[in-house]
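Residue-level listing of the chains:
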Amino acid sequence: MKISVWMGWLLCAVCVTSVLCETSVQGDDWSQWMGNDRDGVWKETGIVSEFPAEGPKVMWKAEVGLGYAGPAVAGGFVYVADYLVKEGDTTPNPNVRNTLKGEERLQCLDATTGTQVWEYRYDCEYKISYPNGPRATPTVDGDLVYMLGAEGHLACLDSKTGTVVWGFEIKDRYKTESPIWGYASHPLVYQDLLITLAGGPGSIAIAVNKKTGEDVWKGLSASEIGYSPATLINAGGVDQLLIWDADKLNSLNPLTGDVYWSFALKPSYGMSIMPPLKAGDYLFASGIGTVGALYELSSTSPSAQVVWEGTNQTGLYSVNSAPVFEEGVVYGTDCKPGIFRAFDLKTGERLWQATEPVSKDGRPANSGTCFVIKNGAHFFLFSETGDLIIADLKPDGYHELSRAKILEPTSSAFNRDVVWSYPAFANKCCFARNDKEIVCVSLSE
């Protein structure tokens, strides 16, 4: 009897210990583009403030195909979309649609080992410029994962098995064509809806039932759909869905698609890309061609007014990477001349600039890209050079604390090699990919 009791207590202790260990290893998820809340904030604690001399420990690497789409990490799995090219020239030209034949794919990998759990692939012909694979990060919502391909294939799969729940071709359903640089609006889940951009008259933005794929609403018309992701904010006492198409910044009722307000905001080449950045009662958006503005959001109704509009001496103008806001200052990459800047949110006054987060040779880089993630008191910056950087971003300047190479640039842009893929931060690790591999490096303190 005593032995049985002792064994029972031992078994219980082992089970509790196993649960605690499993929980501590799994850590927080990064279930979609820019994190669970799409705000670029990584909330885990116990993270390094300086890399070891030999760099962060590589936990695993796995092969992937072409792709700009960043990984998502949820429930112990990593989801990454890529393109397996079979035929065609991948050399990028901003003005030419490359024709490629191949397969688009969504892989599910074990987050601890990188071992493939399942894959979903389908034939997909590309006729887009910069044809390096899917652009949109998968979105995980419980037992479902959503993928948007570069040519508009929208699919919902069981996140654990890869079984297709529903899927359709955006171009067929909404009678449109893919934008020249491909579909890029990371799918957004809101209540029972899945929201993204489509195109065509009256269907710039679409909302479908997230479990069936059936249309719920569609809205807006524009010269082009743009590339900015559907963005959710709460202001004026209601949830607002921000859709920045190629011509204007719009606020919609996310349940119906009805327009709350709209302002003309037309970047060059239809390149509305950055997600509008909400900072308190303010909203900032900018794009190529020195097009940008700060809006003040009403606290009592879904409305807004312009505070200032950008000039070539104020603000910053984003392309591939979203800026971040911290204590009255915005930090991010200005696409031309391709440098990292800081500016005062309320006035647009530039405070400083630095080339170190973007360029390896100290010179500005056209459409330079640096992804910025906040963790505690520090920021993690993933440069297009493949370097992961720990830095302090302050009104008085850029303060680099540590840097390590975690990936080699494999894409080509403006006569240089780049990595233009937003990383994921989960389980006290960074998950980053190029066109050949995805790597998981430990950032545990």
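Cut-offs applied
Residues numbered from 1 in each chain as written. Predicted model: local features only at pLDDT ≥ 70, side-chain atom pairs only at ≥ 80, totals over all residues. Heavy atoms only, no water. Helix = DSSP H or I, 4+ residues; strand = E, 2+ residues; numbered from the N terminus. Rg over C-alpha atoms; globule rule 2.2 N^0.38 Å. Buried < 20%, exposed > 50% of the residue type's maximum accessible area, 1.4 Å probe, protein only. Contact = heavy atoms within 4.5 Å. Lys, Arg positive; Asp, Glu negative; His and termini not counted. Charge placed at Lys NZ, Arg CZ, Asp CG, Glu CD. Core = buried A, V, L, I, M, F, W, Y, C linked by side-chain atoms within 4.5 Å. Salt bridge = Lys/Arg side-chain N within 4 Å of Asp/Glu carboxyl O. Pairing = 2+ DSSP bridges. Axes fitted to C-alpha atoms, helices over the stretch in contact; angles between N-to-C directions. pLDDT = per-residue confidence, 0-100. Polar contact = N/O pair within 3.5 Å; in protein donor to acceptor, adjacent residues only side chain to side chain. Phe/Tyr/Trp six-rings, centres within 6.5 Å; stacked < 30°, edge-to-face > 60°. Disulfide = S-S within 2.5 Å.

What to know about the overall build of the protein chain
- In terms of helices and strands, the protein chain carries 2 helices and 35 strands.
- A globule of 445 residues ought to have a C-alpha radius of gyration of about 22 Å, and the protein chain, at 22 Å, matches this closely.
- Here the protein chain, with 445 residues, has 59% of them falling under the buried criterion.
- Excluding contacts between residues fewer than 6 apart, the proportion of contacts in the protein chain whose partners are at least 24 apart in sequence is 56%.
- Side chains of the protein chain carry 36 positive and 53 negative charges; the gap between the two charge centres is 2 Å.

So, the nonpolar core
- Grouped together as the largest cluster of nonpolar side chains are 39 residues, with contacts concentrated most on Trp30, Phe380, Leu388, Phe425, Phe431 and Leu443.
- Only strand E1 (58-63), strand E3 (77-87), strand E27 (370-375), strand E28 (378-383), strand E29 (387-394), strand E33 (424-426), strand E34 (429-433) and strand E35 (437-442) provide two or more residues apiece to this core.
- Excluding residues that lie within four positions of it along the chain, Leu388 makes contacts with Phe51, Phe380, Leu381, Phe382, Ser402, Arg403, Ala404, Ile406, Phe425, Cys430 and Leu443.
- Counting 30 residues, the second largest nonpolar core, distinct from the first, contains Tyr183, Leu188, Leu197 and Ile206.

Here's the deal with the pattern of salt bridges
- Taken as a whole, this structure holds 21 salt bridges when the rule is applied.
- Ionic pairing is found between Asp215 and Arg173, a salt bridge with its closest N-O pair at 3.2 Å. Taken together, the residues span a long stretch of sequence, with Asp215 in strand E14 (residues 215-219) and Arg173 in helix H2 (residues 170-173) at a distance of 42 residues.

Digging into the pairing of strand E26 (residues 350-354)
- The sheet contact formed by strand E25 (residues 339-344) and E26 spans 4 bridges and is antiparallel. Paired with Phe343 across the two strands is Arg350, which belongs to E26.

Notes on the sheet that holds strand E11 (residues 188-190)
- Strand order across the open sheet formed by 4 strands is E11-E12-E13-E14, with antiparallel pairing between neighbours. Either end of the sheet is taken by a strand with one partner, and the two such strands are E11 and E14. Mean inter-strand twist for the sheet, computed between neighbouring axes without regard to direction, equals 20°.
- Note: E11 against strand E12 (residues 193-197), 3 bridges, orientation antiparallel. The residue bridging Leu188 from the neighbouring strand is Ile195, located in E12.

What about the confidence of the model for the protein chain?
- Per-residue confidence for the protein chain gives a mean pLDDT of 93, with 94% of residues at or over 70.
- Throughout residues 1-25 the model reports pLDDT below 50, and contacts reaching past four residues in sequence, or to other chains, amount to 1 contact.

Quick notes on the side chain of Glu151
- Along the chain, Glu151 turns up in the loop between strand E8 (144-148) and strand E9 (153-158).
- Polar contacts involving the side chain of Glu151 include one to the main-chain amide nitrogen of Lys127, which spans 2.6 Å.
- With sequence-adjacent residues up to four places away left out, Glu151 is seen in contact with Glu104, Cys124, Glu125, Tyr126, Lys127, Ile128, Lys171, Ser178 and Tyr183.

A short note on the pairing of E35
- Of all the 6 residues making up E35, 5 are buried; the element is thus mostly covered by neighbouring parts of the structure.
- As judged from the 5 bridges shared by E34 and E35, these two strands associate in the antiparallel manner. Bridge assignment links Cys429 to a residue of E35, and that residue is Ser442.
- In this antiparallel pair of consecutive strands, E34 and E35, the connection spans 3 residues.

Considerations on the side chain of Arg416
- Relative to the helices and strands, Arg416 is located in strand E32 (residues 416-418).
- Residue Arg416 is classed as buried on the basis of its relative accessible area of 19%.
- Here Glu384 takes part through its side chain, which lies 2.6 Å from a polar atom of the side chain of Arg416.
- Leaving out residues up to four positions away in the same chain, Arg416 has contacts with Ala365, Asn366, Ser367, Gly368, Glu384 and Ser411.

Things to note about the environment of Lys266
- One can find Lys266 in the loop between strand E18 (259-264) and strand E19 (277-279).
- Separated by 88 residues in sequence, Lys266 and Ala354 place their C-alpha atoms 27 Å apart.
- Other than its neighbours up to four places away in sequence, Lys266 contacts Ser223, Ala246, Asp247 and Val291.
- A polar side-chain atom of Lys266 sits 2.7 Å from a polar atom in the side chain of Asp247.

So, the sheet that holds E34
- Spatially, 4 strands are ordered E1-E35-E34-E33 in an open sheet, and the strand pairing comes out antiparallel. Of all strands in the sheet, those bounded by a partner on one side alone are E1 and E33. Taken pair by pair, the neighbouring strands of this sheet meet at an average axis angle of 15°, ignoring direction.
- Pairing geometry for E1 and E35, over 5 bridges, is antiparallel. Along E35, the bridge assignment pairs Val58 with Val441.

So, the packing of aromatic side chains
- Tallying each qualifying case throughout the model produces 27 aromatic pairs.
- When the centroid spacing of 6.2 Å and the interplanar angle of 50° are considered together, the rings of Tyr79 and Trp118 count as tilted. Placement of the pair is Tyr79 in strand E3 and Trp118 in strand E5 (residues 116-123), with a sequence separation of 39 residues. By the burial criterion, Tyr79 is buried, and Trp118 matches it.

Regarding the state of the cysteines
- Evaluation of the coordinates by the stated rule reveals 0 disulfides.
- Note on Cys440: no disulfide assigned, nearest cysteine sulfur contributed by Cys429 at a separation of 3.8 Å.

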